[in-house]
Amino acid sequence: MQRSPRFVLACAAAFAVSLPSAVTGQETVDTDAVKFFRANGIDDGKVMDHLSWICDVFGPRLTGSPNIRAAQGWAKQTLTEWGFENAHLEEWGPFGRGWQFSHCSVSVVGNNPWPLIAVPKAWSSSTNGRVEGDVVFVGDMPADELDALDLAGKVVMVQTPRAVYEPFDGTAIRFNAEEMHALADDRPRPRRPQTGRPATAASTDWRAGFQRRRAILQKVYAKKPLAIIDRGSKGDYGTIFATSASIPAPAGVPRDERPSVRDDGRHVIPQFTVAVEHYNRIHRLLKKGAKVRLAVELAARYFEGSPMDQNVIAELPGVDNRIGNQIVMIGAHLDSWHTATGATDNGAGSAVVMEAARLLAHWAKERGEGPRRTIRVGLWSGEEQGLLGSRAHVKKNYAEPGGRGEPPVALHAAHARFAGYFNLDNGTGRVRGIYLQGNEACRPIFRSWLAPFHDLDATTITSGNTGGTDHLAFDRVGLPGFQFLQDPVAYSPRTHHSNMDNWDHAVADDLKQAATIMASFAWHTAQRDEMLPRKPMETPALIDAAAPRRR
Ligand SMILES: [Zn+2]
């Protein structure tokens, strides 16, 4: 991959000004370590090789599937080869059955046949060969009309058509100066222009839409159609966003008693998301009174009988007598959705964690001594289904979480020895800074640690929270857990959970920069005298001690 001339220059410039071990503010920056990480992570970075193994060799890594098993085995073995110890698969669960598909096709049949771009929703049952059915549109059908319909053997369209707008403002973005200032000042980011889009489009009430779709799905599902198709809430030009199939829950049934697509032995009516342009064409044909018939074929397998899943855990042991058993963690989720190879979500984060691990092990070897604190790597599974792997890891090792917004109900001894956790899961974009998750005491520390990377556009600390990924599992029990601030690139409009989330859409220079910075943050957290400060929290009883647990 071509390295931009500006990039190489930047590295040289950073070297020139640094002192061997500088004290900026009150925080020490180990510039020898930084120099090493930059030289090996940027000039000789391997992050795109790791990503190619994860995406090209193992492919889509849905939790519970054979592909994620293979990827977990590779990560464990590779970390061991690099000198990590105690590399193991940490079991958690039950998660339920796995699923993987090998073939999917949807096409219009009849006197003017044509193929659709379509993907199955995860955990859909196979069609057992090619099956055909007439299409019925119920997207905006009144409930009583829907009740009267017989949908057996039909292919049902459950969503209304969706307008498509041309991307006049471009697709991939980097935060501009105005946006970076807003982030630094904790102000909302200015809205970007939406040329060619009617203002209303953005403000459609998604909640009402969701309720209506769920009600329709409930009725349709009960009528046992051949297959269900929709067009997704975004995506065009062949890019389709799809996640899990669903079984509509009868009203009033508590969440943990609801039927799940992950239950062994359960049949799940095949569900597909098709390209919006193709979905809209069928709708226009039906409106003209034409009859449309679809041939659908899905070849998929369930993996039942082993409901547990695993996280990959490995360590570089701490060498300091006083703080060696304290823990610094870097992590990302290895699982992905199924329609592409999960490159930017979250092969990118996993490859960055692997690369940071390689740099840290390499540096420990180079200097002939390991980190003061233990550096632990976590590659999670089950993130896409609710941070399941990382939450299980936290519960097993550090603390039993309380209710939402509540302090933990009990702590493991290791809770007091946990120095900090760094996560990467916002796509392929380079690090522009870090979210403090409200932990203001870390601001001066992170300011110092970002300073050696200002030339690589990593400059900004924003006090806000960012959600939706694995650092929350740590933050929730009062442990310092952070997600880096990354450039969006084309994460939301193109790759996040889409059928185009492939290696080719990962930006090499960005991931090299991210891995270098993650390695540096982990190293500095392992080397400083004190653990990272924490947000104030009520301290519950210890699980490990004999003391009765507080409920
Ligand atoms: Zn993710």
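Check the entry above for the structure.
Keep in mind the model is a prediction, meaning the values are calculated, not measured. (Residues numbered from 1 in each chain as written. Predicted model: local features only at pLDDT ≥ 70, side-chain atom pairs only at ≥ 80, totals over all residues. Heavy atoms only, no water.)

Chemist: Looking at this structure, how should I read the side chain of Glu90?
Modeler: Here Glu90 shows up in strand E3 (residues 85-92). Within polar-contact distance, the side chain of Glu90 engages the side chain of His393 at 2.9 Å. A distance of 3.0 Å separates the side chain of Glu90 from the side chain of Asn397, its partner in a polar contact. In contact with Glu90, not counting residues within four places along its chain, are Asp309, Gln310, Asn311, Ile313, His393, Lys396 and Asn397. (Helix = DSSP H or I, 4+ residues; strand = E, 2+ residues; numbered from the N terminus. Polar contact = N/O pair within 3.5 Å; in protein donor to acceptor, adjacent residues only side chain to side chain. Contact = heavy atoms within 4.5 Å.)

Chemist: When you look at the packing of aromatic side chains in this model, what are you seeing that I'm missing?
Modeler: Think of a pair of aromatic rings as described by two things: how far the centres are apart, and how the planes are tilted against each other in angle. With the rule as written, the count across this model stands at 26 aromatic pairs. For the ring pair Phe37 and Trp363, a centre distance of 6.4 Å and an interplane angle of 70° mean the geometry is edge-to-face. Taken together, the positions of Phe37 in helix H2 (residues 31-43) and Trp363 in helix H10 (residues 343-367) put the pair 326 residues apart, joining distant regions of the chain. The buried category is assigned to Phe37, whose relative accessible area is 0%. Centre to centre, the rings of Tyr398 and Phe474 are 6.1 Å apart; their planes meet at 40°, and the pair counts as tilted. On the criterion of sequence distance, the pair formed by Tyr398 in the loop between helix H11 (388-397) and strand E15 (399-400) and Phe474 in helix H13 (residues 471-475) is long-range, its members being 76 residues apart. (Phe/Tyr/Trp six-rings, centres within 6.5 Å; stacked < 30°, edge-to-face > 60°. Buried < 20%, exposed > 50% of the residue type's maximum accessible area, 1.4 Å probe, protein only.)

Chemist: What exactly am I supposed to notice about the sheet that holds strand E16 (residues 410-411) here?
Modeler: In a beta sheet, neighbouring strands pair by backbone hydrogen bonds and run either parallel or antiparallel. One open sheet holds the 3 strands; their spatial order is E15-E16-E21, and the pairing between them is mixed. The open sheet has two edge strands with one neighbour each: E15 and strand E21 (541-542). Relative to E16, E15 runs antiparallel, the two being bridged by 2 bridges. Within the sheet, the bridge partner assigned to Glu400 lies in E16 and is Ala410. (Pairing = 2+ DSSP bridges.)

Chemist: What should I look at first to understand the coordination of the zinc ion in this one?
Modeler: When a metal carries six donors in an octahedron, the ideal angles between them are 90 or 180 degrees, while four donors in a tetrahedron ideally lie at 109.5 degrees. Summarising the metal site, the zinc ion is bound by the protein donors His333 (NE2), Asp345 (OD), Asp425 (OD) and Asp425 (OD), whose distances to it range over 1.9 to 2.6 Å. Motif for the zinc ion, donor spacing along one chain: H-x11-D-x79-D. Pair noted here: His333 is in strand E13 (residues 327-333) and Asp345 is in helix H10, with a separation of 12 residues, a long-range link. Each member of the pair, His333 together with Asp345, is buried. (Donors = N, O, S within 2.8 Å, 3.2 Å for Na, K, Ca; no water.)

Any link to function would need more than the numbers given here.
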